[in-house]
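# Residue-level structural notes
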Amino acid sequence: MLEQLNGATRVHFIVGDPIAQVKSPAGVTQAFEAHGRNAIVVPAHVAPEDLLVWLAGTSRSRNVDGIIVTVPHKFAAFELCATTSDRARFLNTANVMRRNADGSWHGDMFDGQGFVAALQDSGAQPAGKRALLVGAGGAGSAIAHAVVMSGVSMLAIHDESTARRDTLIKRLDGLNGVRVEAGSANPEGFDLVLNATPIGMKDSDPFPVDVTQLAPHMHVGCVITAPAITPLIAAARATGCSTQTGADMFAKVRDLMVDFLLEK
């Protein structure tokens, strides 16, 4: 992978705070190589208060073609894009940016599409199902939108920030004919139980939902990639639920991001 690294290599960043936990630099770099591109992804640890200055400096480098955006910068990244997709504009968030011809940035958001694609690959078809989503942040907002557009019968959203939750509900309720309402940590009565929070990354974390209320007919999904099997996923499998992991989601999101970044 590094044999072709030279002065002609096109540079992409993945920016976040923290950044040490991300696994995408190698995977996306390999995907670029598979497409025959001399390109690499480099991690950048940037605090929220430094993002604007960092991007201004990064934009001066003429060999930087794209930026992948992770926690907590997805909402801020949207504001720094000159143009965006309709999807990103609806959500006011972006997880990937590529150069426009004039050097400004064009943003899109693929977390939701990737999550639903992984859900479908696992055999759980969302159409007509009752879904509970925990997390209304950048990834959660995108997943909520994608789940609604996939035709669930209803979506309940639970977030520790009731203001953030209610804002997302207001934007989504009635979209595609789907009822969207406030939920809780109790998954009883749902078919899909989806965690879009970082809860589960640390050994000391509680469960994002009450796992004693999980049932075998449920499908449980999680966005976390490290650990590979979160306590939520382990508990769901012990109950007999079908599951999808953060790695399942990321594989789908990666493919979408690579296609976006390489698009001319």
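The structure reproduced in this document is the subject of the present report.

About the cut-offs
- Residues numbered from 1 in each chain as written.
- Predicted model: local features only at pLDDT ≥ 70, side-chain atom pairs only at ≥ 80, totals over all residues.
- Heavy atoms only, no water.
- Phe/Tyr/Trp six-rings, centres within 6.5 Å; stacked < 30°, edge-to-face > 60°.
- Helix = DSSP H or I, 4+ residues; strand = E, 2+ residues; numbered from the N terminus.
- Buried < 20%, exposed > 50% of the residue type's maximum accessible area, 1.4 Å probe, protein only.
- Lys NZ or Arg CZ within 6 Å of the ring centre and 35° of its normal.

## Regarding the packing of aromatic side chains
Counted by the stated rule, this structure contains 2 aromatic pairs. Residues F13 and W54 carry aromatic rings whose centres are separated by 5.5 Å and whose planes lie at 80 degrees to one another, so their mutual orientation is edge-to-face. Separated by 41 residues along the polypeptide, F13 in strand β1 (residues 10-16) and W54 in helix α2 (residues 51-59) bring together distant segments of the chain. Residue F13 is classed as buried on the basis of its relative accessible area, which comes to 17%. Residue class for W54 comes out buried when judged on its relative accessible area of 19%. Seen from their ring centres, F110 and F260 are 5.6 Å apart, and the 65 degrees between their planes marks the pair as edge-to-face. One end of the pair, F110, is in the loop between β6 (105-108) and α5 (111-121); the other, F260, is in helix α9 (residues 246-262), with 150 residues separating them in the sequence. Across this residue pair, the class does not change: F110 and F260 are buried. When the ring centre of F190 is taken as reference, the NZ or CZ atom of R130 above it lies at 5.3 Å. The lysine or arginine in question, R171, covers the ring of F90, its NZ or CZ lying 4.6 Å from the ring centre.

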